[in-house]
Amino acid sequence: MYNYQWLKGEILRLSNTLVLFFVKKVHVKRKISTYIFLKETFGQLRKFFQLKKDVEEYIFMKKALMLGIIAASFLFAACSSDNASSDEKTVVATTGQIADAVKAIVGDEIKVQMLMGPGVDPHLYKATQSDVKKLENAEMIFYNGLNLEGQLDNIFEQMRKDKTVVAAAEILDESKLLADEENGKLFDPHVWFDISLWSEVVDGIGDALIEEYPEHKELFEKNEKEYLAQLDELKNYVDERVSELSSSQRHLVTAHDAFNYFGSSLDFTVSGLQGLS
């Protein structure tokens, strides 16, 4: 393969030579036959176009090589990313309050992904293709249970065949749950509004994580203890502020009947306009 600078110089030299041929033909009297002149001219032209072709091939090959290197770099980066993702420990939690508890316990040791963002109704939520992919790639799944994520129950049942799937709120004794007024077999799933009950749920989440990752037992227990202390502090604050209200003032009206545990634990009368779900 020719050196690019050399090819460029040759083309310039031949171009100048061709110009001189024609200039000399017109302006200088030379004792050279037309045949010889044309022969030399076309010979120079052949060299010129051959070199031009070589330059174009050189540039094309150089671009192709660069594109190949770039493509290989992207492929390598993608493969490295996939390998890193496959090696990373990941836990998926459906709702924000569960994800918050899991993150507080595992710290930086395990990646925690939340399935539903703020403002999403878990009663109506249906898994997208990307959600299913997250669940498949996770080592462990936490969801509230008690029919809060009713549209996802079948998916959770399938996932249980291959990994640990925990219905966090279902660790609570049924005697502590509020039954639906119309169907005594259904329970109100919004247990996080009673801080004491939620602390029990957090304790169950911690136990499940330690069972799955016993190598982190000491760290998880430490983090859980600190998180439960924060919940106790929160409960004391809420109790203190609510005590400032008289019994007649403790009436809560909401669009969604999700605050019955809040009302039960703090002696509020709760009126929900839309029922539990």
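What you see is a predicted model, and the numbers here were worked out from it, not measured in a lab.

### As for the side chain of Gln113
Inference 1: Among the secondary structure elements, Gln113 is positioned in strand β2 (residues 111–114).
Inference 2: A relative accessible area of 19% places Gln113 in the buried class.

### A closer look at the packing of aromatic side chains
Inference 1: What the rule picks out here adds up to four aromatic pairs.
Inference 2: Seen from their ring centres, Tyr143 and Phe156 are 4.1 Å apart, and the 20° between their planes marks the pair as stacked. Highlighted residues: Tyr143 in strand β3 (residues 140–143) and Phe156 in helix α5 (residues 153–159), separated in sequence by 13 residues. You'll find Tyr143 and Phe156 in the same group, each marked buried.
Inference 3: A ring pair is formed by Phe262 and Phe268, whose centres lie 5.3 Å apart and whose planes are at 50°; its orientation type is tilted.
Inference 4: Given the relative accessible area of 15%, Phe268 is considered buried.
Inference 5: An aromatic cluster is defined as three or more aromatic residues linked by ring pairs; in this entry it consists of Trp192, Phe193 and Phe259.

### Quick notes on the nonpolar core
Inference 1: Residues Val102, Phe142, Val191, Ile205 and Leu209 are the most contacted members of the largest nonpolar core, which totals 37 residues.
Inference 2: Listed by contribution, the elements that provide at least two residues to this core are β1 (90–93), α3 (96–106), β3, α6 (195–212) and α7 (217–242).
Inference 3: For this core, the element with the highest residue contribution is α6, accounting for nine residues.
Inference 4: In this view, Phe142 contacts Val91, Val92, Ala93, Thr94, Ile98, Val102, Val166, Ile205, Ala208 and Leu209; residues no more than four positions away in its chain are not counted.
Inference 5: Of all hydrophobic cores here, the second largest spans 13 residues; its members include Leu135, Ala138, Ile141 and Leu152.

About the cut-offs
Residues numbered from 1 in each chain as written. Predicted model: local features only at pLDDT ≥ 70, side-chain atom pairs only at ≥ 80, totals over all residues. Heavy atoms only, no water. Helix = DSSP H or I, 4+ residues; strand = E, 2+ residues; numbered from the N terminus. Buried < 20%, exposed > 50% of the residue type's maximum accessible area, 1.4 Å probe, protein only. Phe/Tyr/Trp six-rings, centres within 6.5 Å; stacked < 30°, edge-to-face > 60°. Core = buried A, V, L, I, M, F, W, Y, C linked by side-chain atoms within 4.5 Å. Contact = heavy atoms within 4.5 Å.

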